[in-house]
Amino acid sequence: MSTQQEQWADPTSATEALREALTAAGIVLPSLATDDASPNLHLVNLGRVRANVALRLAEAIRRGCR
């Protein structure tokens, strides 16, 4: 269960933190951005990616879970 702080994290900070982590893993999500259409929801738009990028992202997450 998420804490109140995690639920309402700053989307700009979250986007940049995710971008930095993905870059360190050699992954680029070109459409990664804050969702300005729904500012009260604090959403981050991950966008669309090619299948090979999705596979690399899945592998990076698996490595981090070990």
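Above this text sits the structure in question.
Rules of the game
Residues numbered from 1 in each chain as written. Predicted model: local features only at pLDDT ≥ 70, side-chain atom pairs only at ≥ 80, totals over all residues. Heavy atoms only, no water. Helix = DSSP H or I, 4+ residues; strand = E, 2+ residues; numbered from the N terminus. Buried < 20%, exposed > 50% of the residue type's maximum accessible area, 1.4 Å probe, protein only. Contact = heavy atoms within 4.5 Å. Areas by Shrake-Rupley, 256 points an atom, 1.4 Å probe, with all protein chains shown as cover. Polar contact = N/O pair within 3.5 Å; in protein donor to acceptor, adjacent residues only side chain to side chain. Core = buried A, V, L, I, M, F, W, Y, C linked by side-chain atoms within 4.5 Å. Expected span 1.5 Å × (residues − 1). Arc of directions from axis to C-beta.

**Q** How should I be thinking about the overall build of the protein chain in this particular structure?
**A** Looking only at helices and strands, the protein chain has three helices and two strands in total. Going from the N terminus to the C terminus, the protein chain shows its helices and strands as α-α-β-β-α. Across the 66 residues that make up the protein chain, the buried fraction comes to 12%. The contacts in the protein chain between residues at least 6 apart in sequence include a share of 43% that link residues at least 24 apart. Carbon together with sulfur atoms contributes 56% to the accessible area of the protein chain, which is approximately 5,200 Å² in total.

**Q** Would you take a moment to explain the environment of Asp 10 for this structure?
**A** Among the secondary structure elements, Asp 10 is positioned in the loop between α1 (4-7) and α2 (11-24). Note: C-alpha distance between Asp 10 and Val 44 (34 residues apart in sequence) is 9.6 Å. Within the structure, Asp 10 has its side chain in polar contact with the side chain of Ser 13 (distance 2.7 Å).

**Q** Help me understand the nonpolar core, please; the structure alone is not making it clear to me.
**A** Soluble globular proteins tend to bury their nonpolar side chains together. Core analysis: the largest hydrophobic core is formed by six residues, namely Leu 22, Ile 27, Leu 29, Leu 32, Val 53 and Ala 60. In this structure, Val 53 is in contact with Ile 27, Val 28 and Leu 29, ignoring residues within four places of it in sequence.

**Q** Looking at this model, I keep getting lost on the environment of Leu 18. Mind explaining?
**A** Inspection of the secondary structure assignment puts Leu 18 in helix α2. Along the primary structure Leu 18 and Leu 46 are separated by 28 residues, whereas in three dimensions their C-alpha atoms are 9.7 Å apart. Beyond its immediate sequence surroundings of up to four residues, Leu 18 is in contact with Leu 32 and Leu 46.

**Q** What's the story with α2 in this structure? I'm lost.
**A** Two residues of an α-helix separated by three or four positions point the same way, owing to the 3.6 residues in each turn. Over its 14 residues, α2 runs 20 Å from end to end, which matches the ideal 20 Å to within 8%, given 1.5 Å per residue. Within the sequence span of α2, burial applies to Pro 11, Thr 15 and Leu 22. Buried residues of α2 fall within an arc of 40 degrees about the axis and therefore sit on the same side. Pointing more than 90 degrees away from the buried face of α2 are the exposed residues Glu 20 and Ala 24. Residues of α2 that are buried sit in contact with β1 (33-34), β2 (44-45) and α3 (51-65).

Distances and angles like these do not, on their own, reveal function.
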